[in-house]
Amino acid sequence: MHASRGTQKRSAGLGLALLSAFAFGGSGVAAKPLIEAGLDPLHVVWLRVAGAALIMLPVAWRHRNLVRERPALLAGFGLFAVAGVQACYFAAISRIPVGVALLVEYLAPALVLGWVRFVQRRPVTRAAALGVVLAVGGLACVVEVWAGLSFDALGLLLALGAACCQVGYFVLSDHGGQEAKGRDGREGKGGDGGSVEPPPPLGVIAYGLIVGALVLTVVARPWGMDWSLLGGTAGMNGTGVPAWVLLGWIVLIATVLAYGTGVVSVRMLSPQVAGVVACLEAVIATVLAWVLLGEHLSAPQLIGGFTVLTGAFIAQSSAPKPPSGPVAAGAGVAAAAAESELSAGRASH
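For the structure given in this document, a descriptive report is provided here. Predicted model only: the values in this text are computed from it and were never measured.

Conventions we followed
- Residues numbered from 1 in each chain as written.
- Predicted model: local features only at pLDDT ≥ 70, side-chain atom pairs only at ≥ 80, totals over all residues.
- Heavy atoms only, no water.
- Helix = DSSP H or I, 4+ residues; strand = E, 2+ residues; numbered from the N terminus.
- Contact = heavy atoms within 4.5 Å.
- Areas by Shrake-Rupley, 256 points an atom, 1.4 Å probe, with all protein chains shown as cover.
- Patch = residues over 30% accessible without salt bridge, like charges linked within 9 Å, V, L, I, M, F, W, Y side chains within 5 Å.
- Salt bridge = Lys/Arg side-chain N within 4 Å of Asp/Glu carboxyl O.
- Buried < 20%, exposed > 50% of the residue type's maximum accessible area, 1.4 Å probe, protein only.
- Core = buried A, V, L, I, M, F, W, Y, C linked by side-chain atoms within 4.5 Å.
- Axes fitted to C-alpha atoms, helices over the stretch in contact; angles between N-to-C directions.
- Parallel < 35°, antiparallel > 145°, perpendicular 65-115°, else oblique.
- Left-handed = near helix turned anticlockwise from the far one by under 90°.
- Nonpolar A, V, L, I, M, F, W, Y, C, P; charged D, E, K, R; others polar.
- Expected span 1.5 Å × (residues − 1).
- Pairing = 2+ DSSP bridges.

What follows deals with the overall build of the protein chain. The secondary structure content of the protein chain amounts to 16 helices and 2 strands. For the protein chain, contacts bridging at least 24 residues in sequence account for 84% of all contacts bridging at least 6. In the structure as shown, the protein chain presents an accessible area of about 15700 Å², 66% of it carried by carbon and sulfur atoms.

Below you can see the structure in the form of C-alpha cells.
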C-alpha cells in the first residue's frame, strides 16, 4: 500500500515537474518578440514578475499569516527564486553568449546535489548523480556552447550567480516539505514528535513574487518604459501577435503556472531529482523556438536534447534514500541555520 502511494506520488511529482519545465521553457519564446519590438529585457522581466504578483495577491492575503511565521523563507524565495535568477541571467547574457550563460546556469542540479550531500549531509543516489552528468553534458549540445565562447570573468560570475539562485529555488521549495518530516523520517511529525504543517506552496510563491517584484522595481526602473509598445503587435516568425497576448502568456503560463507546479513537484520528488528534470526547460525552449520562431535545431542539438531526456529519466527512476534519524536532525539544523542567515540579511543576489 505504502509503495503504491509512493509510486503514485512520484508519478504525479514527475508530471508536475515536466509541466513546470514546459511552462518555464515557453517564457523565452514569448519574451523575445517583445524585446525585438523595443522593450528592454529587464522591463519584460519586471512585467512578468509584477503581473504575476498582482494575480497572486488574493492568495497572499489568504496566507497573510506567513509574513509573521516565515518571513525569512518568503524573503529568500523572493530574492533567490524570483528576482535573483532573472536579474543575474539577463545581466550575464549582456556580457557572454546566451549558450554559455544557460549552460552555467544549469549547473544548478549539480550544485543542488552538493548542497544535499555536503551541507544537509543526506545521501544521494547514484542515479541522480549520473542523471546530472548526462543532463549537463546534453545541455552543452543543446545550447551549442562551442558556437561563440568568449571569456568574460564578470559575465561568468553573473551566470554562476543565476545558478546559485536556482539552487535556492530548489532548496527553499523543498524546505517546507522537509520540516514536516520528523526524526524518524515519517510525514507529519516534527523533531519533537509534534505535528508540523509545511507552509502552503501557493502562499510561498505569492509572497516570493511580491518580494521579487519589489526588488526588480528598483533594478529595472519601469517608470522609464515605453508603455505604448504593449498596445501594439510583436512579430513571431513573420506573424504579428498582440503584445498583450504575449505578456499574458509570460505572466500566466511562464510564471504563475510554472512556479506553482515547480514548487509542488520539488516537494513531491526531491531537490536533486526535480533539478535534473528542470533541465528539460532548455530543451523545451529550443524546440518551441524552432516551431514558433523558426530557429532550426541542428543535429548536435537533437542529440543533446535526447541526452538531457535520458539523464532526467535516469535521475527520477530511483528515489533518494530517506534520511536516518541523525541525518534528519542535521538537515533540520542546517535548514534552521539557513533561515537564520536569511534573516540576518546574508542572502543576496
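Moving on, we come to a nonpolar patch on the surface. Side chains of L19, I55, L252, I253 and L257 sit close together on the surface and give an oily, nonpolar patch of about 370 Å² of accessible area. Relative to the helices and strands, L19 is located in helix α1 (residues 2–25). By relative accessible area, which is 37% here, L19 ends up partly exposed.

Among the secondary structure elements, I250 is positioned in helix α12 (residues 243–268). On the basis of relative accessibility, which here comes to 2%, the residue I250 falls in the buried class. When the C-alpha atoms of I250 and A30 are compared, they prove to be 6.4 Å apart, with 220 residues separating the residues in sequence. Once residues lying within four places of it in the same chain are set aside, the contact partners of I250 are S27, A30, A31, L34, V44, R48 and T255.

Counting 103 residues, the largest nonpolar core has L34, F77, Y169 and L209 as its most contacted members. If you tally residues by element for this core, the top one is helix α6 (residues 71–92), at 14 residues. Residues in contact with L209, not counting those within four places in the same chain, are V49, A52, A53, M56, V82 and T255.

When two helices pack together, you describe them by how their axes are tilted relative to each other and by the distance separating the axes. Packing of helix α3 (residues 41–55) against α12 leaves a shortest axis separation of 9 Å and a crossing angle of 65°. Between α3 and α12, the interaxial angle falls into the category roughly perpendicular. Note that α3 runs across α12; the crossing there is right-handed. In contact with V44, L47, R48, G51, A52 and I55 of α3, α12 contributes L247, I250, V251, L252, A254, T255 and V256. When the residues that make up the contact of α3 with α12 are grouped by side-chain class, the tally is 10 nonpolar, 2 polar and 1 charged.

Turning to helix α9 (residues 126–142), a few remarks are in order. With 17 residues, α9 should reach 24 Å at 1.5 Å per residue; the first-to-last C-alpha distance of 24 Å fits that figure. When we look at burial in α9, the residues that qualify are A127, A128, G131, V132, A135, V136, G138, L139, A140 and V142. Following α9 by one or two positions, E144 adopts a phi angle in the positive range, close to 50°.

So, on to the packing of α3 against helix α11 (residues 201–220). With their axes 8 Å apart at the nearest point, α3 and α11 run at an angle of 150° to one another. Taken as axis vectors, α3 and α11 run roughly antiparallel relative to one another. Crossing geometry of α3 relative to α11 is assigned as left-handed. Listed contacts from α11 to L42, H43, V45, W46, V49, A50, A52 and A53 of α3 are L209, I210, G212, A213, L216, T217, V219 and A220. The residue inventory of the contact of α3 with α11, partitioned by class, reads 13 nonpolar, 3 polar and no charged.

The subject of this paragraph is the pairing of strand β1 (residues 233–236). Side-chain alternation along β1 places A234 and M236 on a buried face and T233 and G235 on a face that remains uncovered. Judged from the 4 bridges that link them, β1 and strand β2 (residues 239–242) form a sheet pairing that is antiparallel. If you follow M236 over to β2, its bridge partner there is T239. Count of turn residues in the β1/β2 antiparallel hairpin: 2 residues, of which N237 carries a positive phi of about 55°.

Counting through the fold element by element, A153 comes out in helix α10 (residues 153–178). Exposure remark for A153: the relative accessible area of 44% places this residue in the partly exposed category. Along the backbone, A153 and I96 are 57 residues apart, and their C-alpha atoms lie at a distance of 9.3 Å.

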